[in-house]
Amino acid sequence: MRVLSVCAVVAGSLSIACGIATSASAAEPRLMAALGNTVLTMTDIGPKHTQVAVNDKPVFDDKESDLLSFVGAYSMKDRWIALFQSDTGAKDCPTRFRILEVGGPQPTVSYPFGSCSDAAQVTIDNDTLTVSMPQPGGGADAAWTYRNGRIGRSK
């Protein structure tokens, strides 16, 4: 039997429902979040397999990470941006991030990005989301900017 631990948060139009759930056969969502009128779920299908769905429609299957985590959701005009952290356990690059955008014609998922650090800082300026984090070996922070459905390294 699998035991899932979850929590509950309501802030503005973002609701995250969590609790203790047990399941012997069917996979129960580990996370459910209402992003405006859209429901986002994360379900552990099996070892190293987490499925992310929007309104019960799968949009991303992570089959590489030891753990896929929901970092946060950010409202940008008429859409929502969800940030996910993928912990791979690899020594050379243990952490990467992905962005899921909902609110457009269809949900879009970014390719993995990041400097391999798990210390991400998020800023929003108008319709631009920037994720900054330390670079390995020190130096200035690295940053990735998400705008108009595209992610790119900005520094």
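Residues numbered from 1 in each chain as written. Predicted model: local features only at pLDDT ≥ 70, side-chain atom pairs only at ≥ 80, totals over all residues. Heavy atoms only, no water.

S.K.: I keep staring at the overall build of the chain and nothing clicks. Help me out?
M.R.: Of the regular secondary structure elements, the chain holds zero helices and 16 strands. Burial analysis of the chain (155 residues in total) assigns 39% to the buried set. A separation of at least 24 residues holds for 23% of the contacts in the chain among residues at least 6 apart in sequence. Put simply, the chain shows about 8500 Å² of open surface, and 50% of that area lies on carbon and sulfur atoms. (Helix = DSSP H or I, 4+ residues; strand = E, 2+ residues; numbered from the N terminus. Buried < 20%, exposed > 50% of the residue type's maximum accessible area, 1.4 Å probe, protein only. Contact = heavy atoms within 4.5 Å. Areas by Shrake-Rupley, 256 points an atom, 1.4 Å probe, with all protein chains shown as cover.)

S.K.: Mind showing me how you'd approach the sheet that holds strand β16 (residues 150-153) here?
M.R.: Two pairing modes exist for strands in a sheet, parallel and antiparallel, and in both the strands are linked by backbone hydrogen bonds. Taken in spatial order, the four strands line up as β13-β14-β15-β16 in an open sheet, and their pairing is antiparallel. Every other strand in the sheet has two partners, leaving β13 (121-125) and β16 as the edge strands with one partner each. Sheet twist, expressed as the mean angle between neighbouring strand axes with direction ignored, is 20 degrees. One ladder, built from five bridges, connects strand β14 (residues 128-133) with strand β15 (residues 142-147); its direction is antiparallel. Within the sheet, the bridge partner assigned to M133 lies in β15 and is A142. (Pairing = 2+ DSSP bridges. Axes fitted to C-alpha atoms, helices over the stretch in contact; angles between N-to-C directions.)

S.K.: Any chance you could explain the sheet that holds strand β10 (residues 79-87) here in plain terms?
M.R.: If you walk across this open sheet you meet the four strands as β9-β10-β11-β12, and the pairing is antiparallel. Edge positions in the open sheet fall to β9 (67-76) and β12 (108-109), since each of these has one partner strand only. Of the pairings in the sheet, the one linking β10 to strand β11 (residues 95-102) comprises eight bridges and is antiparallel in character. Bridging across to β11, S86 finds its partner in R96.

S.K.: How should I be thinking about the environment of G149 in this particular structure?
M.R.: By the element assignment, G149 lies in the loop between β15 and β16. Linking G149 and G104, residues 45 residues apart in sequence, is a C-alpha distance of 9.6 Å.

S.K.: What is the right way to look at the environment of G104 in this model?
M.R.: You can see G104 is positioned in the loop between β11 and β12. A residue is classified by how much of its surface remains accessible, and G104, at 40% relative accessible area, is partly exposed.

S.K.: Please explain the pairing of β14 as it appears in this structure.
M.R.: Within a regular strand, side chains alternate between the sheet's two faces. Of all six residues in β14, six are buried; the element is thus mostly enclosed. Every second residue of β14 is oriented toward a common face, with T128, T130 and S132 on one face and L129, V131 and M133 on the other, all of them buried. Sheet topology note: the β13/β14 ladder contains five bridges and is antiparallel. Counted as the bridge partner of Q121 is S132 from β14. What sits between β13 and β14 in their antiparallel hairpin is a turn of two residues, with N126 showing a positive phi close to 55 degrees.

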